[in-house]
2 protein chains.
Amino acid sequence: MVSKEKTYSISDLALQFDISTRTIRYYEEIGLLAPKRSNNGRRIFTRKEKTRLQLIFRGKKYGFNLEEIREMIQLFDQDPTGKRQLEKTIEYGQEKVEEVTQRIDELVLIRTEMERLLDDFQEQLITWEDEEE
Amino acid sequence: MVSKEKTYSISDLALQFDISTRTIRYYEEIGLLAPKRSNNGRRIFTRKEKTRLQLIFRGKKYGFNLEEIREMIQLFDQDPTGKRQLEKTIEYGQEKVEEVTQRIDELVLIRTEMERLLDDFQEQLITWEDEEE
DNA sequence: CTTGAAGTTGACGTTAACGTTAATGGTAAA
DNA sequence: TTTACCATTAACGTTAACGTCAACTTCAAG
């Protein structure tokens, strides 16, 4: 059995992810995607590519550039063969997790600051309203 | 009393923040900074500008572009005068807080996924080691 | 006085991440 | 067969965020 998975054209994906076909081709150019080709040379996308695109967009949202994203993809994608390989992958992965944790912490800090500022404003507003009457 | 606050030159700041003077001038160009000038035209930086730079770099770390950062700076900086103004500022600020919260949530999600993946790898590794003996 | 370090304002260069256009090919419908 | 649409590659264009360089000015030190 050849396992006929559902496939998508480039414009299918572009529509689904609300990006341009150019963007998809660009991602292939720089090695983020590697879709199969049909006999007439057209790109064939499957669930695998969709998953990758999800990852790419998540990454982008947090300031990772495409190069860094490529590293993360390798991590998620590269079913590591060989014990040493596996160990290195785990080590690298743990580093990345720590990076993410740091980012989370700082974002929480930012939010706290913003909230405190807003509280101050709120208080000012109340004072204002009291004076008004 | 004229309140003589400690001031810094452009290269002082560049050194402290480990950026180029060009970067600082650029930030002034696009309205992120507005340092006073001495009588001979040189930029004078104070604690105020340092605080702003902190904010800028935090923002950058999370994929906010400089334009978005400028909006946030206005929020933090614009001691809003007038009640209506104050209300609008609070409203806008609350939106921003929600955005940050969303980002935090998604980052947590990413981390969870990465951790799960690493757990799987860990298990594989253990299996490996068991077979080895 | 001049030399050197630090400042200033243009103005052009660079890189990442695409947008856009041109030239062309395959194929299904009219 | 012609039209229409979707695909392909190649190549040049664009924007943000600076880097780099040139041509000054200021000022303190020697």
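Only a predicted model underlies this, so the values are computations on that prediction, with no experimental measurement involved.

(A) Summary view of the overall build of chain A. Looking only at helices and strands, one finds five helices and two strands in chain A. When the elements of chain A are put in sequence order from the N terminus, they spell out α-α-β-β-α-α-α. Expected size for 133 residues packed as a compact globule is a radius of gyration near 14 Å; at 23 Å, chain A overshoots this value by more than 25%. Each principal axis of the C-alpha atoms in chain A carries an extent, and together these give about 80 × 40 × 30 Å. Here chain A holds 133 residues, and the buried ones make up 33% of them. Taking the contacts inside chain A whose residues are at least 6 apart along the sequence as the reference set, 48% of them involve residues at least 24 apart. Surface summary for chain A: the accessible area is close to 8700 Å², and the carbon and sulfur share equals 47%.

(B) Examining the interface of chain B and chain A more closely. In this complex, chain B contributes 42 residues to the contact, which on the side of chain A involves 42 residues. Taken over both partners, the interface formed by chain B and chain A buries close to 4400 Å², and the fraction arising from carbon and sulfur atoms is 74%. Connecting chain B to chain A are zero salt bridges. Where chain B meets chain A, there are two residue pairs in polar contact (both at pLDDT 80 or more). Mapped by element, the contributors of at least two residues to the side of chain B that touches chain A are α3 (47-61), α4 (66-77) and α5 (83-132) of chain B. The greatest single-element share of the side of chain B that touches chain A, amounting to 31 residues, is contributed by α5 of chain B. In terms of residue class, the side of chain B that touches chain A is built from 20 nonpolar, nine polar and 13 charged.

(C) View of the protein's contact with DNA strand D. In the vicinity of DNA strand D, 18 residues are found, and the nearest of them are S11, R25 and R43 of chain A together with S20 and K60 of chain B. When the atoms of DNA strand D within 4 Å of the protein are grouped by moiety, sugar and phosphate amount to 72% of the total. Side-chain polar atom of R25 of chain A to a phosphate oxygen of DNA strand D: 2.6 Å apart, as the coordinates give it. One of the backbone nitrogen or oxygen atoms of L66 of chain B is found 3.1 Å away from a phosphate oxygen of DNA strand D. It is helix α2 (residues 21-29) of chain B that provides the largest number of residues to the surface near DNA strand D, a total of four residues.

(D) Focus on the environment of R37 of chain B. Residue and element names in this part refer to chain B. With respect to the secondary-structure elements, R37 resides in strand β1 (residues 36-37). With near-sequence residues (within four places) excluded, R37 lies in contact with E28, R42, R43 and I44. Here E28 takes part through its side chain, which lies 3.1 Å from a polar atom of the side chain of R37. Among the polar contacts listed, one links the side chain of R37 to the backbone oxygen of G41, at a separation of 2.9 Å.

(E) Representation of the layout of surface pockets. Roughly 380 Å³ of volume is contained in the largest pocket. What lines the largest pocket is a set of 14 residues, and nearest its centre among them are T51, L55, F76 and D77 of chain A together with E113 of chain B. Elements supplying a minimum of two residues to the lining of the largest pocket: α3 (47-61) and α4 (66-77) of chain A together with α5 of chain B. Broken down by element, the lining of the largest pocket gets its largest block of residues, seven residues, from α3 of chain A.

(F) Just α4 of chain A, in detail. Residues and elements named next belong to chain A. For α4, spanning 12 residues, the distance from its first C-alpha to its last is 16 Å, which sits close to the expected 16 Å at 1.5 Å a residue. Along α4, the positions that sit buried rather than exposed are L66, I69, M72, I73 and L75. In a view along the axis of α4, the buried residues occupy a sector of 160°, so they form one face of it.

(G) Structural view of the packing of aromatic side chains. All names here are of chain A. Per the counting criterion, the structure on display carries four aromatic pairs over all chains. Considering the side-chain rings of Y26 and Y27, the 6.2 Å spacing of their centres and the 45° angle between planes classify their relative orientation as tilted. Taking the relative accessible area as the measure of exposure, Y26 reaches 34% and is therefore partly exposed. Judged by relative accessible area, Y27 falls into the buried class, the value being 3%.

(H) Region of the structure containing the relation of the copies chain B and chain A. Mapping chain B onto chain A is achieved by rotating through 180° and translating by 0.1 Å along the same axis, at an RMSD of 0.2 Å. On the angle and the small slide along the axis, the relation comes out as a two-fold axis. When the interface residues of chain B are mapped onto chain A, 100% of them again fall at the interface, so both copies present the same face.

What counts and what doesn't
Residues numbered from 1 in each chain as written. Chains lettered and ligands numbered in written order. Predicted model: local features only at pLDDT ≥ 70, side-chain atom pairs only at ≥ 80, totals over all residues. Heavy atoms only, no water. Helix = DSSP H or I, 4+ residues; strand = E, 2+ residues; numbered from the N terminus. Rg over C-alpha atoms; globule rule 2.2 N^0.38 Å. Buried < 20%, exposed > 50% of the residue type's maximum accessible area, 1.4 Å probe, protein only. Contact = heavy atoms within 4.5 Å. Areas by Shrake-Rupley, 256 points an atom, 1.4 Å probe, with all protein chains shown as cover. Buried area = accessible area lost by both parts, 1.4 Å probe. Salt bridge = Lys/Arg side-chain N within 4 Å of Asp/Glu carboxyl O. Polar contact = N/O pair within 3.5 Å; in protein donor to acceptor, adjacent residues only side chain to side chain. Nonpolar A, V, L, I, M, F, W, Y, C, P; charged D, E, K, R; others polar. Near = heavy atom within 4 Å. 1 Å grid on protein atoms, 1.4 Å probe; cavity = no way out; pocket = protein on both sides within 12 Å on 5 of 7 lines; lining within 4 Å. Points joined across faces, edges and corners; volume = space filled by probe spheres on them. Expected span 1.5 Å × (residues − 1). Arc of directions from axis to C-beta. Phe/Tyr/Trp six-rings, centres within 6.5 Å; stacked < 30°, edge-to-face > 60°. Least-squares fit on C-alpha atoms with pLDDT ≥ 70 in both.

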